[in-house]
Amino acid sequence: MQLVETLINGCLLGGLYGLIGLGLSINFGTMRVVHLAHGDLIVLAAYFLVVVLVPAGIPPLAAAAIVVPVMFGVGWALQHLIVQHSLGRQLDRALGRGVLPPLIVTFGISIVLQNVLLHYATADARTLQSSLASSGVTLGGIAIPTVRLVDFGVGLGCLGLLLLGLGRTALGRALRATSDDLDTARLLGIDPRRMFAVAAGISAATGGVAGVLLAATSTFYPSTGSEVLLVAFEVVVVGGLGSLVGTFLGGVLLASAQLLGAHFLGPSYALLTGHAVVLGVLVFRPQGLLPRTAP
Amino acid sequence: MTEPLLRVDGLVAYYGQLQAVRGVSFEVGAGEALAVIGENGAGKTTLFHSLCGLHDAATGDVAFAGERLLGAPAHAIVRRGIALVPEGRRIFPSLTVDENLRVAEDQHRRARRHAAPRWTRDRVYELFPDLAPASRRGGHQISGGQQQMLAIGRALLSGPRLLLLDEVSLGLSPVVVKLLYQALARIRAEGVTLVFVEQDVHRALAFSEHLVCLHKGTVRLSGASRGRSLDEVRRAYFG
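Residues numbered from 1 in each chain as written. Chains lettered and ligands numbered in written order. Predicted model: local features only at pLDDT ≥ 70, side-chain atom pairs only at ≥ 80, totals over all residues.

Draft legend 1. Summary view of the overall build of chain B. When its secondary structure is counted, chain B shows 8 helices and 10 strands. Over its C-alpha atoms chain B spans a radius of gyration of 17 Å, differing by no more than 12% from the 18 Å that the globule rule assigns to 239 residues. Each principal axis of the C-alpha distribution contributes one length, and for chain B these read about 45 × 40 × 35 Å. Within the span of chain B, comprising 239 residues, buried residues form 47% of the whole. Restricting to contacts in chain B with at least 6 residues of sequence separation, those with at least 24 account for 70%. (Helix = DSSP H or I, 4+ residues; strand = E, 2+ residues; numbered from the N terminus. Rg over C-alpha atoms; globule rule 2.2 N^0.38 Å. Buried ≥ 20, exposed ≤ 12 C-beta atoms within 10 Å, placed from the backbone. Contact = placed C-beta atoms within 7 Å.)

If you want it as structure tokens, here you go:
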């Protein structure tokens with residue numbers, strides 16, 4: 001019974017992991033840029049919620065509703081003002097600067113964000129104080145913390161919204177076309193800079209949701225972004241680059257592996273088990289669980 | 001003499017480090033069809049990419065409907081009325097056939113909110129009846145002929161005054177090629193100007209008013225297509 005409980009909790013935590021990976025996946029899928037500051041954007045959202053909005057007397061749910069559009073704006077602005085310039089002539093494939101400049105630039109953004117948080121919010125551990133964190137439900141003798149149910153529900157909801165938005169709207173079609181073939185998309189009148197900024201905004205908005213959940217689920221520090229980025233990387237590697245459903249499933253697999261490792265080997269083995277699963281996927285199925293089907 | 005729709009004067013463009021187009025000049029009048037021929041590496045694709053804004057390092061003087069073109073980004077050039085059917089068709093593989101058309105239609109609507117579009121998806125399906133039954137299939141799941149029809153239809157939905165076609169018939173069966181040229185004749189009848197690359201010289205001469213033969217990035221032969229002997233074209237073609 002305890003094993004079943006661990007498995008269920010792992011799957012539920014996977015909702016948050018999957019959500020963390022989705023942002024990285026969207027960024028890479030559209031721009032072929034690995035956004036090294038994605039974890040820090042998630043932590044930034046968590047700080048914005050816990051340090052700015054909640055102390056100002058805004059109820060957590062309303063505060064969460066503010067975080068998401070603000071993070072969209074942050075992602076959009078960072079892309080438009082900073083990351084875009086590192087892509088430079090990558091738009092012109094023949095003269096592309098390669099993958100290194102955007103990596104360095106996003107790494108720089110990561111360092112700046114961490115230090116800004118350290119400076120203004122101190123190195124103290126933070127978490128969102130709410131009734132959610134301490135409550136739980138018991139189903140047939142299996143105890144499930146409410147916050148994990150929320151993690152999974154919100155993560156799944158975000159995945160559904162993204163799939164719907166990408167599949168059914170004009171903007172979604174344009175984003176997918178840009179992701180498929182940048183030059184041909186330009187030939188049809190799609191402005192790649194606009195698409196990149198929108199994709200970065202959507203990615204940061206999912207990061208905003210993930211930040212709210214992170215704040216409600218665990219404690220965090222200014223340096224937590226690096227750990228979160230590692231989770232995002234592993235989730236995307238396990239799930240398969242460019243597939244949102246795969247990314248979400250990757251999150252579920254990684255979280256389950258971590259909690260099962262903790263269950264059988266002890267809590268200190270949780271992360272190690274997760275890394276071992278990622279290594280296993282890299283060796284035996286390097287394309288990930290659900291790679292992009294298109295050639 | 002009236003101003004030509006497209007005037008290219010001394011165009012120089014690079015493919016990577018290689019100077020692939022070396023001072024090319026020609027003109028196309030509105031409603032005409034111009035055939036561009038030349039062997040592999042003659043600079044045909046680089047020429048088309050420069051006209052569409054995909055090579056921003058191109059120099060020279062290109063005027064479209066009296067406005068300078070070089071230096072404008074690709075997404076702005078298509079809004080002025082130049083669409084390209086690229087070599088290899090370049091269908092978006094993760095979009096369905098219908099979505100491939102819609103993505104072009106969406107952009108055209110965004111750019112021209114008020115004007116009624118000349119081309120609609122329904123008209124594209126009517127122009128290419130073979131596409132309609134495949135509309136819900138993936139862009140990479142259809143035949144080469146259907147892909148070329150889709151690429152032409154997609155370009156039409158951008159509302160072009162000038163349609164550039166890079167390799168109309170490459171790798172396609174004679175039956176499909178015949179269908180494609182019938183459709184191109186209908187597109188011309190709608191007033192769309194055509195500049196097309198065609199390896200079949202006989203067909204190129206028959207379908208065009210004017211001809212440009214490129215060899216190693218320069219114009220080797222240009223002028224009227226009618227009355228042109230195959231021998232003369234062959235000599236220019238092979239240099």
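Draft legend 2. Inspection of the sheet that holds strand β3 (residues 33-37) of chain B at higher detail. Residue and element names in this part refer to chain B. Across the sheet, which stays open at both edges, the 6 strands sit in the order β6-β7-β8-β3-β9-β10 with mixed pairing between neighbours. Taken across any chain shown, the strands that pair with only one partner, and hence form the sheet edges, are β6 (82-85) and β10 (218-224). Going across the sheet, the axis of each strand differs from the next one's by a mean of 15 degrees, ignoring polarity. With 4 bridges connecting them, β3 and strand β8 (residues 193-197) associate as parallel partners. If you follow Ala33 over to β8, its bridge partner there is Leu194. Of the strands in this sheet, β3, β6, β7 (162-165), β8 and β9 (210-215) are in contact with helix α1 (residues 44-52), which crosses β6 at around 145 degrees. (Pairing = 2+ DSSP bridges. Axes fitted to C-alpha atoms, helices over the stretch in contact; angles between N-to-C directions.)

Draft legend 3. Here's a closer look at the sheet that holds strand β1 (residues 6-15) of chain B. Residue and element names in this part refer to chain B. Taken in spatial order, the 4 strands of this open sheet run β2-β1-β4-β5, and their pairing is antiparallel. Across the chains shown, the open sheet's two edge strands, defined by having one partner strand only, are β2 (18-28) and β5 (67-68). Direction of pairing for β1 relative to strand β4 (residues 59-64): antiparallel, over a ladder of 5 bridges. Residue pairing in the sheet places Leu6 in a bridge with Phe64 of β4.

Draft legend 4. Structural context of the nonpolar core. Ranked by internal contacts, the top residues of the largest apolar core, which has 165 residues, are Ile20, Ala45, Ala46 and Leu49 of chain A together with Cys52, Leu163 and Leu164 of chain B. In terms of residue count, the dominant contributor to this core is helix α9 (residues 192-217) of chain A (16 residues). Contacts of Ala46 of chain A, omitting those with residues within four sequence positions, involve Gly211, Leu214, Ala215 and Phe220 of chain A. (Core = buried A, V, L, I, M, F, W, Y, C linked by C-beta atoms within 7 Å.)

Draft legend 5. The arrangement of the interface of chain B and chain A in detail. Listed per partner, the contact involves 26 residues of chain B and 19 residues of chain A. For the side of chain B that touches chain A, the secondary structure elements donating two or more residues are α2 (74-80) and α3 (97-111) of chain B. In terms of residue count, α3 of chain B provides more of the side of chain B that touches chain A than any other element does, 8 residues in total. Looking at the side of chain B that touches chain A residue by residue, the class counts come to 12 nonpolar, 7 polar and 7 charged. (Nonpolar A, V, L, I, M, F, W, Y, C, P; charged D, E, K, R; others polar.)

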